[in-house]
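Reading the structure
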Amino acid sequence: MPENMNLKIGEAAGVLYHRLEEGECSLNQVKTHLSANGFDSQMALMSIGWLAREDKISLDKKSNRWYVRLK
């Protein structure tokens with residue numbers, strides 16, 4: 001993976017982390033928030049993976065919707 005891609009994913013993860021400090025988000029809310037900050041939906045998913053790998057978030061499925069929150 002190119003170095004600049006790692007930086008971009010890390011930046012998106014940081015934006016997402018700060019949003020999650022305000023409270024839980026659905027996957028659609030994550031995508032919308034990151035889209036408003038210049039990241040596409042694939043980058044949103046990669047940022048979730050980044051934070052999950054760092055054990056910073058919890059993922060829950062409720063009524064066919066995924067939700068993300070800080071641990």
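Residues numbered from 1 in each chain as written. Predicted model: local features only at pLDDT ≥ 70, side-chain atom pairs only at ≥ 80, totals over all residues. Heavy atoms only, no water.

As annotated in an unreviewed UniProt entry, the chain carries the name Winged helix-turn-helix domain-containing protein and is attributed to Methanosarcina spelaei.

Attention now moves to the packing of helix α1 (residues 3-20) against helix α2 (residues 27-36). Relative to each other, α1 and α2 sit at 120°, their axes nearing to 10 Å. On the basis of their axis angle, the class for α1 and α2 is oblique. In the crossing of α1 with α2, the sense of the turn from one axis to the other is right-handed. On the side of α1, the interface is formed by Ala12, Val15, Leu16 and Arg19, while α2 contributes Val30, His33 and Leu34. Here the residues of the contact of α1 with α2 are counted per class, giving five nonpolar, one polar and one charged. (Axes fitted to C-alpha atoms, helices over the stretch in contact; angles between N-to-C directions. Helix = DSSP H or I, 4+ residues; strand = E, 2+ residues; numbered from the N terminus. Parallel < 35°, antiparallel > 145°, perpendicular 65-115°, else oblique. Left-handed = near helix turned anticlockwise from the far one by under 90°. Contact = heavy atoms within 4.5 Å. Nonpolar A, V, L, I, M, F, W, Y, C, P; charged D, E, K, R; others polar.)

Relative to strand β3 (residues 65-70), strand β1 (residues 25-26) is paired through two bridges, and the arrangement is antiparallel. Residue pairing across strands places cysteine 25 opposite valine 68, the latter belonging to β3. As paired strands, strand β2 (residues 57-62) and β3 are joined by six bridges and run antiparallel to one another. From the neighbouring strand, isoleucine 57 faces β3, where its bridge partner is leucine 70. (Pairing = 2+ DSSP bridges.)

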